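Each chain, written out:
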Amino acid sequence: MQIRELSKPVTSKRLNESLAKNFGYKLKLEQFNDVQLSDVQNKLRTEMSQLEMNESFDSLHESPAYQKTRALLDVINQAIMEREEGKEVDTEDTEEKEE
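Residues numbered from 1 in each chain as written. Predicted model: local features only at pLDDT ≥ 70, side-chain atom pairs only at ≥ 80, totals over all residues. Heavy atoms only, no water.

Undergrad: Is there a simple way to think about helix α2 (residues 34-54) in this case?
TA: What sets the pattern is the α-helix's 3.6 residues per turn: residues three or four places apart point alike. Between its first and last C-alpha atoms α2 spans 30 Å; for 21 residues at 1.5 Å apiece the expected length is 30 Å, and the two agree. All of the buried residues in α2 are Leu37, Gln41, Leu44, Met48 and Leu51. All buried residues of α2 lie within an arc of 90° about the axis, which places them on one face of the element. Opposite its buried face, α2 presents the exposed residues Val35, Lys43, Met53 and Asn54, each directed more than 90 degrees away. Measuring from the side-chain oxygen of the N-cap residue of α2 to the backbone nitrogen of valine 35 gives 3.1 Å; that N-cap residue is asparagine 33. (Helix = DSSP H or I, 4+ residues; strand = E, 2+ residues; numbered from the N terminus. Expected span 1.5 Å × (residues − 1). Buried < 20%, exposed > 50% of the residue type's maximum accessible area, 1.4 Å probe, protein only. Arc of directions from axis to C-beta. Polar contact = N/O pair within 3.5 Å; in protein donor to acceptor, adjacent residues only side chain to side chain.)

Undergrad: Explain the pattern of salt bridges here, please?
TA: Where charged atoms from two side chains of opposite charge approach closely, those side chains can pair. With the rule as written, the count across this model stands at 2 salt bridges. Between arginine 83 and aspartate 34 there is a salt bridge, with the nearest N and O atoms lying 3.1 Å from each other. One end of the pair, arginine 83, is in helix α4 (residues 64-98); the other, aspartate 34, is in helix α2, and 49 residues separate them in sequence. Classification of arginine 83 by relative accessible area gives partly exposed; the value is 25%. By relative accessible area, which is 31% here, aspartate 34 ends up partly exposed. Here arginine 70 makes a salt bridge to aspartate 74, at a shortest N to O gap of 3.0 Å. Taken as a pair, arginine 70 and aspartate 74 lie in helix α4 at a separation of 4 residues, close to a single helical turn. Judged by its relative accessible area of 30%, arginine 70 is partly exposed. (Salt bridge = Lys/Arg side-chain N within 4 Å of Asp/Glu carboxyl O.)

Undergrad: Before we go on, may I ask you to explain the nonpolar core in this structure?
TA: It is characteristic of soluble globular proteins that their nonpolar side chains tend to be buried jointly. Counting residues in each nonpolar core, the largest one holds 15 residues, and the members touching the most others are Leu19, Leu29, Leu37, Leu44, Tyr66 and Ile76. Counting residues per element, the ones that place at least two in this core are α2 and α4. In terms of residue count, the dominant contributor to this core is α4 (8 residues). Beyond its immediate stretch of four places on either side in the chain, isoleucine 76 contacts Leu27, Leu29, Leu37, Val40, Gln41 and Leu44. (Core = buried A, V, L, I, M, F, W, Y, C linked by side-chain atoms within 4.5 Å. Contact = heavy atoms within 4.5 Å.)

What follows is the structure, given as structure tokens:
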């Protein structure tokens, strides 16, 4: 990673590309609706919690399963956040038109 990469905003697209680079596959986020993304988010959080409870701190950071789950959760979290921000913008545009 180079220092100039730190100033770039983190997007679900960039996180998804990183997931593909590190683990060999991408998520097709556009195929999921908001409810499905939330369900996956909850399942991944549960899985992370179980891993954290059953493993030592040092072994977590060396665990491929933990790293993959963390990367998936990061992509899902960012996608949900972007969708929520998009809805806020749509709502603001609608309110401005009504005035």
